[in-house]
Amino acid sequence: MKCIICKHGETARGTTTITLERDHTTLVFKNVPAQVCTNCGEAYVDATTSAQLLAAVDAAIALGVHVEVREFVPA
Ligand SMILES: [Zn+2]
């Protein structure tokens, strides 16, 4: 698809690192599958993946995690 940030690049399948912060919890996910713009590097994560990330943050908050770096494992 065409990148909506720079409006020039095309996106290609790749991976990205996503940092999610909520309350006192920071989670960093590496190797998250995404469509990545070949021009500006903007990453687009699909709805299934973002739902999984948000669920993981909820679980981490419930466990009292403050900072954690994880490899993303698709459900
Ligand atoms: Zn772009």
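Above this note sits the structure.
S.K.: Describe the environment of Cys-40, naming the residues involved and giving the relevant values.
M.R.: Inspection of the secondary structure assignment puts Cys-40 in the loop between strand E2 (25-37) and strand E3 (43-44). C-beta crowding within 10 Å serves as the criterion here: with 12 such atoms nearby, Cys-40 is assigned to the exposed category. With 35 residues separating them along the chain, Cys-40 and Ile-5 place their C-alpha atoms 8.1 Å apart. Among all residues touching Cys-40, those that are not within four sequence positions of it are Cys-3, Ile-5, Cys-6 and Gly-9.

S.K.: Go over unusual backbone geometry with me, naming the residues and quoting the values.
M.R.: Its identity is not glycine, yet Asp-23 carries a phi of approximately 50°, on the positive side. Its place among the elements puts Asp-23 in the loop between strand E1 (11-22) and E2. Exposure remark for Asp-23: the 8 C-beta atoms within 10 Å place this residue in the exposed category. Positive phi, close to 60°, is recorded for Asn-31, a residue that is not glycine. Residue position: Asn-31 is located in strand E2. With 15 C-beta atoms packed within 10 Å, Asn-31 lands in the partly exposed category.

S.K.: Let's hear about the pairing of E2: which residues, and what values?
M.R.: Strand direction decides the pairing type here: E1 and E2, joined by 11 bridges, are antiparallel. Residue pairing across strands places Arg-22 opposite Thr-25, the latter belonging to E2. Hairpin connection between E1 and E2: a loop of 2 residues separates the two successive antiparallel strands, and Asp-23 in this loop has a positive phi of roughly 50°. Of the pairings in the sheet, the one linking E2 to strand E4 (residues 67-71) comprises 5 bridges and is parallel in character.

S.K.: Break down the nonpolar core for me, citing the residues and quoting the values.
M.R.: If you look at the biggest cluster of nonpolar residues, it comprises 7 residues: Leu-27, Phe-29, Val-32, Ala-34, Val-36, Cys-37 and Phe-72. Val-36 has contacts with Thr-11, Ala-12, Gly-14, Thr-16, Gly-41 and Ala-43, leaving out every residue within four places of it along the chain.

About the criteria used
- Residues numbered from 1 in each chain as written.
- Predicted model: local features only at pLDDT ≥ 70, side-chain atom pairs only at ≥ 80, totals over all residues.
- Helix = DSSP H or I, 4+ residues; strand = E, 2+ residues; numbered from the N terminus.
- Buried ≥ 20, exposed ≤ 12 C-beta atoms within 10 Å, placed from the backbone.
- Contact = placed C-beta atoms within 7 Å.
- Pairing = 2+ DSSP bridges.
- Core = buried A, V, L, I, M, F, W, Y, C linked by C-beta atoms within 7 Å.

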